[in-house]
Every structure is written in structure tokens, then in C-alpha cells.
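Spelled out from the first residue to the last, the chains are:
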Amino acid sequence: MDLRIFTEPQQGASYDTLLAVAKATEDLGFDAFFRSDHYLSMGSSDGLPGPTDAWITLAGLARETKRIRLGTLMTAGTFRLPGVLAIQVAQVDQMSGGRVELGLGAGWFEEEHKAYGIPFPKEKFARLEEQLAIVTGLWATEVGKTFSYEGTHYQLSDSPALPKPAQRKIPVLIGGHGATRTPRLAAQYADEFNLPFASIEDTERQFARVRAAAEKAGRAPGDLVYSNALVVCVGKDDAEVARRAASIGREVDELKANGLAGSPAEVVDKIGRYAATGSSRLYLQVLDLDDLDHLELISSQVSSQLS
């Protein structure tokens with residue numbers, strides 16, 4: 001089971017804070033550092049000091065880390081034109097020496113679009129499908145050849161399809177709870193399918209849908225990586241679990257029901273139940289980014305038992 005650290009910087013984090021978390025992620029042996037792609041805080045957070053852009057952040061981290069994978073859960077398709085996104089991600093992949101992964105979603109948080117003057121189209125899923133075709137098509141085009149695309153929402157004519165990423169193929173992540181269209185898109189474009197904040201039972205059902213869609217598309221279901229994203233709150237005793245839950249404004253019982261919370265032994269046991277669904281990678285949503293001792297505890301008391 002790969003453990004990756006997943007952050008939500010829109011809730012309030014500077015680049016320096018994210019850099020500290022990313023360096024701890026690397027030093028403590030985690031597989032990757034991922035972040036959300038949002039420009040507005042949610043809930044009661046004031047969001048100070050303000051949002052950071054996902055791909056600008058990852059570009060900086062690409063130069064300041066050595067080993068960990070870097071990516072998004074999920075880049076919002078409404079924020080960037082697909083041709084521009086392909087350039088940005090390929091460049092950050094070059095800057096990292098080939099450690100980037102692209103999670104791409106349709107975008108959903110209407111309020112942040114209003115707050116920053118970003119169009120919020122009705123037909124987001126259809127646009128996402130075209131974006132996936134364009135981004136992957138540009139990267140796959142051989143050097144010296146051109147790429148054209150004629151879609152309903154995007155048209156490209158004789159693009160040189162440059163620059164190329166450092167990796168032969170940047171892994172693409174698609175995720176979500178949709179029962180039909182999401183599994184179909186994952187079967188067509190994804191290297192990894194991610195299910196966020198889902199129960200073990202819902203995970204089993206959705207993974208089965210993706211596997212069936214892959215088979216229907218003529219693809220081996222085992223070609224995809226299956227993963228979950230879950231909030232994490234681990235403590236060496238009940239008091240520490242309660243303190244960490246309070247620091248993020250959550251209740252212990254709710255966290256245990258809906259995430260990975262409790263003692264290291266409790267969390268290892270629940271991870272095992274997710275592994276039984278076919279999940280081989282977990283994105284640990286860390287909400288208190290100043291609590292680096294939390295990461296150390298997970299590394300020393302949870303990761304060590306999984307290996």
C-alpha cells in the first residue's frame with residue numbers, strides 16, 4: 001500500500017508551509033505529495049494568507065524535492081485551457097526530472113469561480129472529456145508531427161504539440177463517484193482511478209464499475225491503479241487523537257467512521273480493509289499542515305507496519 005500526503009492549501013497555507021510539508025513527506029518516506037486545486041476556502045476557515053496556485057506550487061516543489069511524486073487531486077478543468085495545461089504540466093514534469101502526475105476533474109465549486117471571475121460552464125463533463133483527449137493527445141504526438149482536434153468546446157489546428165514531458169507518459173488520474181460516465185472516462189484515459197472520501201462498501205461498488213468499464217473498452221482492469229483519498233487523524237493515545245480532531249474542527253467518532261482515525265493499530269486495520277477492495281494507494285488528507293509530528297507518527301507507526 002503506497003501512502004501519499006494530500007493537502008488542501010485553500011484552507012490556509014503559504015508556499016513556505018507547503019514546502020515544509022513536502023520536505024517532510026520526502027524525508028519520512030512517503031510516496032508522494034499531492035494538493036487540491038482550489039482558490040477559495042471552504043467552511044469556517046478564513047483561508048489566510050490566501051490561495052496558492054496548484055501548478056505554480058508544484059513547479060517550485062519540483063526544484064526543491066528529489067524523490068517524491070508530485071500531483072493534483074484534482075486539477076479543475078474549468079481553470080485552464082487544455083492546450084495551456086498540457087504545456088504547464090509537461091514543463092513541471094521536466095523541472096522535476098519526471099515525477100509529475102496529473103489528476104484532472106471537471107471542476108465543481110461555483111463560488112470560487114464567481115470570486116475570481118472564472119467562467120463556470122454548465123456542460124463541464126463534456127468539456128472534461130475533450131480536455132482529456134487534447135492533453136493526452138498533445139503529449140502522445142511524435143516530435144516533428146502536429147496535433148489537431150475538432151471538438152464542440154475546443155478546436156486545435158496544427159499544434160506542434162510541444163513541449164514534451166520528461167516521462168514517456170505522465171500518469172493521468174481520474175476519480176469520482178459517478179456510476180456511468182466517470183468509469184467510462186477512467187477506462188479510456190486513466191492510469192489510476194481515485195475514489196475520494198468513500199466507505200469500504202462504496203469503494204467496492206465503484207471499483208467494480210471501473211473494472212467492468214475497462215473490460216468493455218477492451219482493457220485489462222488490472223492495468224489501472226485503484227486508490228482512495230481519506231482524511232487522516234492518528235494519535236498515539238485517545239487524548240492525542242482528540243486533540244488532533246479538535247484542531248481541524250472534527251469529531252473523533254465521525255473521523256473514525258469516514259476516514260482513517262484512531263491509534264496506529266486502528267488505522268492499520270482499516271487500511272487493510274481498503275486493501276481488500278483492491279485499493280493499492282491511499283492519499284492521506286492532512287488538514288493541519290503545521291503538525292509535522294503527525295506525519296512522523298504516521299511514518300513510524302503506520303507505514304512501518306504496512307511494509
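In case you missed it, the structure is sitting above this.
Residues numbered from 1 in each chain as written. Predicted model: local features only at pLDDT ≥ 70, side-chain atom pairs only at ≥ 80, totals over all residues. Heavy atoms only, no water.

A. Layout of the pairing of strand β8 (residues 172-175). Sheet topology places strand β5 (residues 100-105) next to β8; 2 bridges connect them, and they run parallel. When the bridges of β8 are listed, Leu102 appears paired with Val172. In this structure, β8 lies alongside strand β9 (residues 192-196), joined through 3 bridges in parallel fashion. Note on β9: the bridge partner recorded for Gly175 is Asn194. With helix α6 (residues 181-189) bridging β8 and its parallel neighbour β9, the resulting β-α-β unit is right-handed. (Pairing = 2+ DSSP bridges. Helix = DSSP H or I, 4+ residues; strand = E, 2+ residues; numbered from the N terminus. Right-handed = clockwise from strand over helix to strand, strands pointing away.)

B. Spotlight on the pairing of β9. With 4 of its 5 residues buried, β9 lies for the most part within the structure. One ladder, built from 5 bridges, connects β9 with strand β10 (residues 225-234); its direction is parallel. Along β10, the bridge assignment pairs Glu192 with Val225. This β-α-β element, β9 to helix α7 (residues 200-216) to β10, shows right-handed connectivity. (Buried < 20%, exposed > 50% of the residue type's maximum accessible area, 1.4 Å probe, protein only.)

C. Summary view of the packing of aromatic side chains. Taken as a whole and judged by the stated rule, the model has 6 aromatic pairs. Between the aromatic rings of Phe34 and Tyr283, the centroid separation amounts to 5.0 Å while the plane-to-plane angle is 70°, which identifies the pairing as edge-to-face. You can see Phe34 sitting in strand β2 (residues 32-35) and its partner Tyr283 sitting in strand β12 (residues 281-286), a full 249 residues away along the chain. Exposure remark for Phe34: the relative accessible area of 0% places this residue in the buried category. Under the relative-accessibility criterion, Tyr283 is labelled buried at 0%. Relative to Phe79, the ring of Tyr39 lies with its centre 4.7 Å away and its plane at 25°, an arrangement referred to as stacked. Note that Tyr39 is positioned in the loop between β2 and α2 (54-64) and Phe79 in the loop between β4 (75-76) and α3 (82-96), a separation of 40 residues in sequence. According to the relative accessible area criterion, Tyr39 is buried, its value standing at 18%. (Phe/Tyr/Trp six-rings, centres within 6.5 Å; stacked < 30°, edge-to-face > 60°.)

D. Up close: the packing of helix α1 (residues 15-27) against α2. Close contact between α1 and α2 brings their axes to 11 Å; oriented N to C, the two are set at 45°. Between α1 and α2, the interaxial angle falls into the category oblique. Crossing geometry of α1 relative to α2 is assigned as right-handed. Between α1, through Tyr15, Leu18, Leu19, Ala22 and Lys23, and α2, the contact on the second element is made entirely by Thr57, Gly60, Leu61 and Glu64. For the contact of α1 with α2, the per-class residue count stands at 5 nonpolar, 2 polar and 2 charged. (Axes fitted to C-alpha atoms, helices over the stretch in contact; angles between N-to-C directions. Parallel < 35°, antiparallel > 145°, perpendicular 65-115°, else oblique. Left-handed = near helix turned anticlockwise from the far one by under 90°. Contact = heavy atoms within 4.5 Å. Nonpolar A, V, L, I, M, F, W, Y, C, P; charged D, E, K, R; others polar.)

E. Spotlight on helix α5 (residues 124-140). Taking 1.5 Å of rise per residue, 17 residues should cover 24 Å, and α5 covers 24 Å from first to last C-alpha, within 8% of that figure. Taken across its 17 residues, α5 has 13 buried, putting it largely inside the fold. (Expected span 1.5 Å × (residues − 1).)

F. Representation of α2. If you check which residues of α2 are buried, you get Ala54, Trp55, Thr57, Leu58, Ala59, Leu61 and Ala62. Where α2 is buried, its residues meet α1, β2, β3 (69-72), β4, α3 and β5. Backbone nitrogen of Trp55 and a side-chain oxygen of the N-cap are separated by 3.1 Å at the start of α2; the cap is Asp53. (Polar contact = N/O pair within 3.5 Å; in protein donor to acceptor, adjacent residues only side chain to side chain.)

G. Looking closely at the layout of surface pockets. Volume-wise, the largest pocket comes out at about 1300 Å³. In terms of residue class, the lining of the largest pocket is built from 20 nonpolar, 21 polar and 7 charged. By volume, the second largest pocket is sized at about 290 Å³. Surrounding the second largest pocket, 15 residues form its lining, Thr136, Ala140, Lys169, Ile170 and Asp191 being those nearest its centre. Of all elements in the fold, only α5 and α6 reach the threshold of two or more residues within the lining of the second largest pocket. Here the lining of the second largest pocket is built from residues that sort into 8 nonpolar, 3 polar and 4 charged. (1 Å grid on protein atoms, 1.4 Å probe; cavity = no way out; pocket = protein on both sides within 12 Å on 5 of 7 lines; lining within 4 Å. Points joined across faces, edges and corners; volume = space filled by probe spheres on them.)

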